[in-house]
Amino acid sequence: MILYHKNMNQSTKIQLKSESVLLDKNEIARTADLLSDYIQYLNSVAESQKYEAPESSINLPTDNKMLEVIEQVLLKFKNAQLKYVVVVGIGGSNLGTMAVYDAVLKDQNQQTNPLPQILFADTVSAKSLQNLINILLTCSKANEFAINVISKSGGTTETIANFEIIYSALREKFIDIDRRIIVTTEIDSKLWLESTAKKWSTVSLPNIVGGRYSVFSTVGLIPLALAGLNIQELLGGALQMRNACLQSDNQFNPALLSAVVTFLHYKNGVKINNSFFFNPELESLGKWCRQLMGESLGKQFDSVGTEVRAGITPIVSIGSTDLHSMAQLYFGGPKDKLTTIIYHSETESKLTVPNERMLPSLIVGINGKSPAKLMDAIVGGVAEAYKMNGLPYVTLQLPTISAETLGELLQFKMLETMFLAHLMNLNAFDQPNVEDYKSGTKKLLEST
Ligand code: PA5
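Residues numbered from 1 in each chain as written. Predicted model: local features only at pLDDT ≥ 70, side-chain atom pairs only at ≥ 80, totals over all residues. Heavy atoms only, no water.

### Here's the deal with the domain arrangement of the protein chain
Let me state the cut-off plainly: Start and end positions for the domains come from either an automated domain assignment or a database one. What gets called buried area is simply the loss in accessible area from a 1.4 Å probe that two parts show on being joined, summed for both. Any Lys or Arg side-chain nitrogen located within 4 Å of an Asp or Glu carboxyl oxygen qualifies as a salt bridge.
The domains assigned to the protein chain are domain 1 (3–33 + 248–423) and domain 2 (53–229). Once you take the C-alpha centre of each, domain 1 and domain 2 turn out to be 30 Å apart. Buried surface at the junction of domain 1 and domain 2, both sides included, amounts to about 1,700 Å², of which 69% is carbon and sulfur. Put simply, domain 1 and domain 2 have one salt bridge between them. Of the charged contacts in the structure, one is a salt bridge between glutamate 295 and arginine 212, with a shortest N-O distance of 2.9 Å.

Below you can see the structure in the form of C-alpha cells.
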C-alpha cells in the first residue's frame, strides 16, 4: 500500500521521495499540522539572527560576522606550502568536518594541484597517533601544517590528551609550532583561557550551538576552508534547504515530511532508522547522521521530566558492500526498520566493463556498462526488494555530491531531527547521559 507518492520538494537540489511508505495520507497531514507552531517559532529564530534559542544553529549560514573571523584565520594559516590540516576533536567537533571532507574533497584527483589533506585525531589510539605524527614529521617547516584543536566545552579527555601528545612530539623539530595552532572552543572555557594566555589563535562558536549542530560554525568551516572547500557553496546549500524547511506549506517541506514519516513509523513500532548510502564516500556522513539522531533523540526523560527511555536507533549501511552482509536481515528479518536510500548516480566515468571480456560466460548484461550503470541497477533492485517485502523506505536523490548538496543534506538532517524531537516531546539539544562515561573516565584517571 503506497498512500503517499509524490516529489515532496522542488526548491532544493536534493529530492526526497516517499516511494514505499505504509501510512495514511490524512494521518501524515494531521501530524504535519502538529508542527505548524514550531515552524512559526523557527521562523522567528531565523528572523532574529541571534544566538539565543537552542535552534539558533539555523542562523549560521547567514552569519557574516563569523565569516569575517574565518577570513582572518585563513589569511594567517592558508599558504601555498600548507599540506596538512590536523583536526583534533571528537563527536560534534569533528564528525561534520569529516563528513564533508570525505564526500567532497578526499578522493579528488589531486595530481596537478594537490589540496591540503585533513588528518583527524579523535579517539585515543597509539597507532593512529603515531601515524599522524610520522606524517607531520615529514614536513620541513611548520608552515606546512596547521593544527586545529576543537572542543566546545574545552574539557574532553580524548581531545586534550591527543593534542598534548601531538604537540610534544612536534615541538622539538618545529620550534615555532605555536604559530600553527588554532583553538576552537566556547568563550571562557578553561581551554579558551589557557589558549588565549598562550597567544594561540583562538576562535569561538556561539555557546548555545551544540556540537552536533555546529558543522556550519567555525568548528567545521575553518578546517574545511583550509583544506580548499568552497564554504560559500556549503552555506548556500544550507540556506536553500533551511528556507525550504521553514515554509509552512507542508507539501513542500522536506524535513517536515521526513520527520512525520519517521515519527509515524516509530509510533507503529518501527524504531530503527537505516541510512543506506550507495556512494561509499558518504560513509562518514552516515556517522554524522548517526550521532545526530542518536544523541538528539535517545533520551531517558522527555521534555517535562517523565522517564520515557525513548529513541530511534540509527544505523548506517553502505551499498553495495553491506548487501552482502545485511540484506538477508533487512529483507527477511523483522519489519522494524525505516530505510532512507541516499544515492547520487554518477554520470561521468571513463571506466566501463569491456565488450571483449576475459570471462564472457559469467554474468550477462554488463558488457559496455559503467560502474554507475551497474550501481543504478543495484539500487533499482534494492528498491524492488523493499517493495516486494512490504518494507518502508524513502529515497534522497542527490544530483551531485558537492559542497552545495552536502550543505543541503546536513541542514535537512538537522531540521528533521528538531522536528522529530518536537513530535516526540524530547529535548534535541542536550546529552546528559554522555556525562555518565565522561565523569567515570575522569574519576578513574584521577585515581590512578
Ligand atoms: O554533540 C555533542 O555535543 C558531543 O558529541 C560533543 O561534540 C563531543 O562530546 C565533544 O565535545 P567537545 O566539543 O566539548 O570536546
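Back to the write-up after that little detour.
### Concerning the sheet that holds strand 4 (residues 145–150)
Either a parallel or an antiparallel arrangement is found when strands of a sheet pair, and the pairing is made through backbone hydrogen bonds. Formally: Two strands pair if DSSP finds at least two bridges between them. Per the convention used, a helix needs a DSSP run of H or I reaching at least four residues, while a strand needs a run of E reaching at least two, with both numbered from the N terminus. The axes used here are C-alpha line fits, helices contributing only the stretch in contact, and every angle between their N-to-C directions lies in the interval 0 to 180 degrees. The contact criterion used throughout is that any non-hydrogen atoms of two residues lie within 4.5 Å.
If you trace the five strands from one edge of the open sheet to the other, you get 3-2-4-5-6, paired in parallel fashion. What marks the edges here is a single partner per strand, and that holds for strand 3 (117–121) and strand 6 (201–203). Each neighbouring strand pair of the sheet contributes to a mean axis angle of 20 degrees, computed without reference to strand direction. Of the strands in this sheet, strand 2 (84–88), strand 3, strand 4 and strand 5 (181–184) touch helix 6 (residues 157–170), which is tilted by about 155 degrees from strand 4. Each of strand 2, strand 3, strand 4, strand 5 and strand 6 is contacted by helix 8 (residues 218–226), which is oriented at about 170 degrees to strand 4, the strand it contacts most.

### So, the pattern of salt bridges
In a structure, side chains of opposite charge can pair up when their charged atoms sit close to one another. Keep this limit in mind: Three labels apply to residues, based on accessible area from a 1.4 Å probe with only protein chains included: buried if under 20% of the type maximum, exposed if over 50%, partly exposed otherwise in between.
Overall, the coordinates contain ten salt bridges when judged by the stated rule. The salt bridge involving arginine 179 is made with aspartate 176; its shortest N-O contact spans 2.8 Å. Here glutamate 307 ties to arginine 309 by a salt bridge, and the two come within 3.5 Å at their closest N and O atoms. On the basis of relative accessibility, which here comes to 46%, the residue glutamate 307 falls in the partly exposed class.

### Some points on empty space enclosed by the protein
Convention followed: Think of a 1 Å grid over the protein atoms and nothing else: a 1.4 Å probe that fits but is trapped marks a cavity, an open set flanked by protein within 12 Å on at least five of seven lines marks a pocket, and residues with an atom within 4 Å of a point count as lining. Grid points are joined across faces, edges and corners, and a volume is the space filled by probe spheres set on the points. In this count, Pro and Cys sit with the nonpolar residues alongside Ala, Val, Leu, Ile, Met, Phe, Trp and Tyr, while Asp, Glu, Lys and Arg are called charged and the others, Gly among them, polar.
Within this structure, the stated rule accounts for four cavities of 30 Å³ or more. Residue lining of the largest cavity: Asn273, Ser275, Cys289, Arg290, Leu292, Met293, Pro314, Ile315, Val316, Lys413, Glu416 and Thr417, and that is the complete set. Within the residue set of the lining of the largest cavity, elements represented by two or more residues are strand 7 (272–277), helix 11 (283–297), strand 10 (313–318) and helix 14 (403–424). Taken together, the residues of the lining of the largest cavity sort by class into six nonpolar, three polar and three charged.

### Describing the pairing of strand 9 (residues 307–310)
Pairing geometry for strand 8 (residues 299–301) and strand 9, over two bridges, is antiparallel. Among the inter-strand pairings, lysine 299 is bridged to a residue of strand 9, identified as alanine 310. Between strand 8 and strand 9, which pair antiparallel one after the other, the connecting turn spans five residues, and glycine 305 there sits at a positive phi close to 90 degrees.

### Thoughts on the site of the ligand
This is how the line gets drawn: Note on definitions. A residue lies near a molecule or strand when any single heavy atom of the residue is within 4 Å of it. Under the rule applied, a polar contact is a pair of N or O atoms within 3.5 Å (in protein, one hydrogen donor and one hydrogen acceptor; residues adjacent in sequence only if both atoms are side-chain atoms). To decide whether a molecule occupies a pocket or cavity, check its atoms: if more than half lie within 2 Å of the grid points, it is inside.
Contacts to the ligand come from 14 residues, most closely from Ser93, Ser151, Ser153, Thr156 and Gln291. Serine 93 has a polar side-chain atom sitting 2.6 Å from an oxygen atom of the ligand. Interatomic distance of 3.0 Å between a side-chain N/O atom of glutamate 295 and an oxygen atom of the ligand. Its atoms largely coinciding with the cavity grid, the ligand occupies the largest pocket. Looking at the shell around the ligand residue by residue, the classes come out as one nonpolar, nine polar and four charged.

### So, helix 5 (residues 126–137)
Worth spelling out the cut-off: Expected span of a helix, by definition, is 1.5 Å for each gap between consecutive residues, and there is one gap fewer than residues. Directions are taken from the helix axis to each C-beta atom, and the arc is the one they span.
With twelve residues, helix 5 extends 16 Å between its outermost C-alpha atoms, agreeing within 8% with the 16 Å of an ideal straight helix rising 1.5 Å per residue. Within helix 5 the residues assigned to the buried category are Leu129, Leu132, Ile133 and Leu136. End-on view of helix 5: buried residues confined to an arc of 100 degrees, all on one side of the axis. Where the residues of helix 5 are buried, they touch strand 2, strand 3, strand 4 and helix 6.

### Considering the packing of aromatic side chains
Applied cut-off: Planes of paired rings set the category: under 30 degrees apart is stacked, over 60 is edge-to-face and the rest tilted, where pairs are Phe, Tyr or Trp rings (Trp by its six-membered ring) whose centres lie within 6.5 Å. Placement of a charge over a ring requires the Lys NZ or Arg CZ to be within 6 Å of the ring centre, with the centre-to-atom vector within 35 degrees of the ring normal.
Within this structure, the stated rule accounts for 13 aromatic pairs. With centroids separated by 5.9 Å and ring planes inclined at 75 degrees, the aromatic side chains of phenylalanine 276 and tyrosine 330 adopt a geometry described as edge-to-face. Residue phenylalanine 276 is found in strand 7, and its partner tyrosine 330 is found in helix 12 (residues 327–332); the two are separated by 54 residues along the sequence. A single burial state applies to phenylalanine 276 and to tyrosine 330, both of which are buried. Ring geometry for phenylalanine 278 against tyrosine 343: centres 6.4 Å apart, planes inclined by 80 degrees, an arrangement best described as edge-to-face. A residue pair is termed long-range when its members are at least 10 positions apart, and phenylalanine 278 in the loop between strand 7 and helix 11 and tyrosine 343 in strand 11 (residues 337–343) qualify at 65 residues. The buried category is assigned to phenylalanine 278, whose relative accessible area is 1%. Each residue in the set Phe276, Phe278, Tyr330 and Tyr343 is aromatic and connected to the rest through ring pairs, giving one cluster. In this structure, lysine 198 is placed above the aromatic ring of tryptophan 200, and the distance from its NZ or CZ to the ring centre is 6.0 Å. Above the ring of tyrosine 266, the side-chain terminus of lysine 271 is found at 5.1 Å from the ring centroid.

### Notes on the packing of helix 8 against helix 9 (residues 231–245)
The cut-off we apply is this: Angles below 35 degrees are treated as roughly parallel, those above 145 as roughly antiparallel, those between 65 and 115 as roughly perpendicular, and all remaining angles as oblique.
The contact between helix 8 and helix 9 brings their axes to 10 Å, and the two run at 140 degrees. Taken together, the axes of helix 8 and helix 9 lie oblique to each other. In this structure, helix 8 uses Leu221, Leu224 and Ala225 to contact helix 9, whose residues at the interface are Ile231, Leu234 and Leu235. When grouped by side-chain class, the residues that make up the contact of helix 8 with helix 9 number six nonpolar, no polar and no charged.

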